[in-house]
Amino acid sequence: MSAPRVRFAPSPTGYLHVGGARTALFNWLYARREKGVFILRIEDTDQARSSKEMVEAILEGLRWLGIGHDEGPYFQTALRGEHERAALRLLEAGRAYRCFCTAEALDARRQAAEANGRAWKYDRACLALPPGDADRRAAAGEPWVMRFRVPEGVTEYDDLVHGPTRFQNSDIEDLVLLRSDGSPTYNLSCVVDDRSMRITHVIRGDDHISNTPKQILLHAALEAEPPRFGHLPLILGEDKKRLSKRHGAVSVIEYRKNGYLPEALFNFLALLGWSPGGDREIMTVAEMVEAFSFQGVGSRSAVFDHDKLLWMNGEYLKRRQAADLAGLVRPWLESEGLWSADLEDARKAWFLALLDLLKERCRLLPDLAGAARPFLTERFDYDPAGVEKHFTAGAAGRLIALRDALAALPSLDEGSSEAVLRDLAGRLDVKAAALIHPARLALTGRTVGPSLFAVMAAMGRDGVLRRLERAARVIEAPAGPRDAAQERG
Ligand code: GLU
């Protein structure tokens, strides 16, 4: 068999959402796995709802995820002539006919059918027009649409995901191919393009299943071998309802804005409906390509588990080199006023070591920026629950004692600061934790984080001393220890 040719065919009527991205990704994985060709086709025939901006947004989303196309982007509007010619061929061959029924007449007949409890489908009134009649009415300027004449019988195909699938043609309406303004409809354009682009596998969402028998019949009417079809399961929110904005971010670019890494979203989307077997989750792109097959794609809906994505992002964040992270976290630092040029220059080595220290516990880029804040400025808040627990009346004295003990060191490294703290705890006759917890809060504003001694080493002696003093002042301030805001400025 020759190499597969697959396509992703978004309509640029909205941003690239996670469902579309997942479709693109499965096409891409399949093309890479089978050494085929991945084609990008922009289905922009709905001119009123399509926009250049959305085309750009879709391309940007794909680029960000690393889903590159081998051919295209083709724009469907540019191919309209082909679609029209195909429709005319079908008309001439008697596989399609003109329909003069007005929208009002159709509506009235639909209502009558429904009132009698019958499901409505076009009643083929215009198929029965006497020969020559349709030509005369069209020539006289009466508006018409072109309908496909659905043949009798059954349409069967072997879905790559769902297996053998069968439709009674009698359930399929004579679909419109050309609208009254002459514009081709989705099903016609899609089939003509899939044919001329020699698409071998149509891989798309489950919401297109009902189009598939129509498209197979159209391929046959155009004397073409239909491609294979595979329909990917729906993506649901955690409440098992179809994923929508109600469930949080749905556009790919929003994930970028929220501080996700593209490789994490890529990996996560790949597992939405596909299982590589075993309990493998974090996988390189090469591993995913190697393992991808439609056998592993389930037919049941996939649930979008935000917590899992967040976890995965944390895993990928840890795997990134500090030098990459520095560039990625910079916009967040800039927007917080925490960026300075020396982080790329005189303090670069220090900054990279800091990111390595902090990345272990962060899940999103803004988390990393937040964790870096206390190292870059003394203006940071204390976690209120931590204040309640650790900034007790006696803590101020302990923090000052720690300050004094550390001040005696020429500089702080992990070993010496730990020795000083433990020695002080012994002298004060308190547990080390009675120093460690308030000190961590004093230095980072948080109750959890990397080892306190690593924090001290990264912060440097003078920075540590100032933050300990500030915390002691806050604890002793008359307004009470909870009001850290007054210390900001
Ligand atoms: N433009 C259609 C969509 O975005 C493409 C469907 C198909 O892949 O055939 O849903």
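This one's a predicted model, so the numbers in the text were calculated from it and none came from an experiment. Counting restarts for each chain, with residues numbered from 1 along the sequence as it is written. Per-residue local features are limited, in this predicted model, to residues with pLDDT of at least 70; the limit for side-chain atom pairs, both in listing and counting, is 80 or more; totals at the level of whole chains, interfaces and linings are taken over all residues. For the side-chain quantities, the full set of heavy atoms in the structure was used; hydrogens and water were omitted.

1. With respect to the side chain of D174
Its location among the elements puts D174 in the loop between β7 (163–168) and β8 (176–178). Residue D174 is classed as buried on the basis of its relative accessible area of 2%. A polar contact of 2.6 Å, which involves the side chain of D174, links it to the side chain of R124. Any two residues having at least one pair of non-hydrogen atoms within 4.5 Å are treated as being in contact. Apart from residues lying up to four places away in sequence, D174 is in contact with Y97, Y122, R124, R147, F148, R149 and V150. Going along the chain from the N terminus, every DSSP run of H or I of four or more residues is numbered as a helix, and every run of E of two or more is numbered as a strand. For each residue, the accessible area found with a 1.4 Å probe, counting protein chains only, is set against the maximum for its type, and the residue is called buried under 20%, exposed over 50%, and partly exposed in between. Polar contact is defined as a pair of N or O atoms within 3.5 Å, subject to the rule that within protein one atom must be able to donate a hydrogen and the other to accept it, and that residues adjacent in sequence are counted only when both atoms are side-chain atoms.

2. A closer look at the site of the ligand
Proximity is defined per residue: any heavy atom of the residue falling within 4 Å of a molecule or strand makes that residue near it. What surrounds the ligand is the set R7, A9, P10, S11, E43, Y186, C190, R204 and H208. Within the backbone of A9, an N or O atom sits 2.8 Å from a nitrogen atom of the ligand. Within the side chain of E43, a nitrogen or oxygen atom sits 2.6 Å from a nitrogen atom of the ligand. The fraction of the free accessible surface of the ligand (300 Å²) that becomes covered by protein chains is 80%. Here a cavity is any set of points on a 1 Å grid over the protein atoms alone where a 1.4 Å probe fits but cannot get out, and a pocket is any open set with protein on both sides within 12 Å along at least 5 of 7 lines; a residue lines the site when it has an atom within 4 Å of a point. The way we define it, a molecule is inside a pocket or cavity when more than half of its atoms are within 2 Å of that pocket's grid points. According to the grid-proximity analysis, the pocket containing the ligand is the largest pocket. Counted by class, the shell around the ligand contains 4 nonpolar, 2 polar and 3 charged residues. Note that accessible areas follow from Shrake-Rupley with a 1.4 Å probe, and for residues the cover is restricted to the protein chains shown. Asp, Glu, Lys and Arg are counted as charged, while Ala, Val, Leu, Ile, Met, Phe, Trp, Tyr, Cys and Pro are counted as nonpolar; the rest, among them Gly, fall into the polar class.

3. Comments concerning the nonpolar core
Grouped together as the largest cluster of nonpolar side chains are 115 residues, with contacts concentrated most on L269, F304 and L406. It is helix α1 (residues 18–33) that provides the largest number of residues to this core, a total of 9 residues. If we ignore the near neighbours within four places in the chain, the residues touching F304 are V18, I235, L236, E238, L243, Y255, F268, L269, L272 and L309. To form a nonpolar core, buried Ala, Val, Leu, Ile, Met, Phe, Trp, Tyr and Cys residues must be joined to one another through side-chain atoms within 4.5 Å. Counting 19 residues, the second-largest nonpolar core is a separate cluster that includes F148, L177, L188 and V192.

4. Things to note about the packing of helix α16 (residues 395–407) against helix α20 (residues 461–476)
The convention used is that axes are lines fitted to C-alpha atoms, helices contributing only their stretch in contact, and that angles between N-to-C directions extend from 0 to 180 degrees. Two numbers describe how α16 lies on α20: the axes approach to 9 Å, and their chain directions differ by 160 degrees. Considered as vectors, α16 and α20 are oriented roughly antiparallel to each other. The chirality of how α16 crosses α20 is left-handed. Residues A395, A396, L399, I400, L402, R403, L406 and A407 of α16 form the contact with α20, whose own contacting residues are R461, V464, L465, L468, E469, A471, A472, I475 and E476. Taken together, the residues of the contact of α16 with α20 break down into 13 nonpolar, no polar and 4 charged. Here the word oblique covers every angle except those under 35 degrees (roughly parallel), over 145 (roughly antiparallel) and from 65 to 115 (roughly perpendicular). Definitions for this section: a left-handed crossing has its near helix turned counterclockwise from the far helix by less than a right angle. A right-handed crossing has that turn clockwise.

5. As for the environment of D423
If you trace the backbone, D423 turns up in helix α17 (residues 414–428). Given a relative accessible area of 43%, D423 falls into the partly exposed group. For the pair D423 and A405, spaced 18 residues apart in the sequence, the C-alpha separation amounts to 9.3 Å.

6. Digging into the layout of surface pockets
Grid points are joined across faces, edges and corners, and a volume is the space filled by probe spheres set on the points. Computed from the structure, the largest pocket encloses a volume of approximately 1,200 Å³. Forming the boundary of the largest pocket are 48 residues, of which P10, S11, H17, D207 and H208 lie nearest the centre. Ranked by the residues each element gives to the lining of the largest pocket, the list is headed by α1, at 5 residues.

7. Focus: the pairing of strand β10 (residues 228–232)
A large share of β10 lies buried, amounting to 4 of its 5 residues. Note on pairing: DSSP must find at least two bridges between two strands before they are called paired. Sheet topology places strand β9 (residues 201–205) next to β10; 5 bridges connect them, and they run parallel. Bridged to V202 within β10 is F229. The handedness of a crossover follows from its direction of travel: if, with the strands pointing away from the viewer, the path from the first strand over the helix to the second runs clockwise, the crossover is right-handed. The handedness of the β9 to β10 crossover, carried by helix α7 (residues 211–221), is right-handed.

8. Here's the deal with helix α9 (residues 262–270)
Buried residues dominate α9, accounting for 8 of its 9 residues. Every buried residue of α9 is accounted for by P262, A264, L265, F266, N267, F268, L269 and A270. In this fold, the buried residues of α9 make contact with α1, α2 (52–65), α8 (252–257), α10 (285–291) and α11 (306–319).

9. A closer look at the side chain of R5
Secondary-structure assignment places R5 in strand β1 (residues 5–8). A relative accessible area of 10% means that R5 is categorised as buried. One polar contact links R5 to E71, side chain to side chain, over a distance of 3.1 Å. Among the polar contacts listed, one links the side chain of R5 to the backbone oxygen of R198, at a separation of 3.4 Å. Discounting chain neighbours no more than four positions away, the residues touching R5 are V37, I39, E71, M197, R198, I199, T200 and H201.

10. Focus on the sheet that holds β8
Spatially, β4-β5-β8 is the arrangement adopted by the 3 strands of the open sheet, whose pairing is antiparallel. Two strands in the sheet have a free side with no partner beyond their single neighbour: β4 (96–99) and β8. With strand direction ignored, the average angle separating the axes of adjacent strands in the sheet is 40 degrees. In the sheet, β4 pairs with strand β5 (residues 145–148) via 4 bridges, with the strands oriented antiparallel. Looking across to β5, one finds that A96 is bridged to F148.

11. Description of the packing of aromatic side chains
The relative placement of two aromatic rings is captured by the distance of their centres and the angle of their planes. Pairing of aromatic rings covers Phe, Tyr and Trp, the last counted by its six-membered ring, and requires centre-to-centre distances within 6.5 Å; plane angles under 30 degrees mean stacked, over 60 mean edge-to-face, and any other angle means tilted. With the rule as written, the count across this model stands at 12 aromatic pairs. Consider the rings of W28 and F266, whose centres lie 5.8 Å apart with planes at 90 degrees: the pair is edge-to-face. Note that W28 is positioned in helix α1 and F266 in helix α9, a separation of 238 residues in sequence. W28 sits in the buried class, given a relative accessible area of 9%. Taken together, F26, Y30, W274, F292 and F294 form an aromatic cluster joined through their ring pairs. Whether a charge sits over a ring depends on NZ of Lys or CZ of Arg being within 6 Å of the ring centre and within 35 degrees of the ring normal. The ring of F26 has R22 lying over it, and the distance from NZ or CZ to the ring centre is 5.5 Å. Across from the ring centre of F380, 4.7 Å away, lies the NZ or CZ of R470, which sits over that ring.

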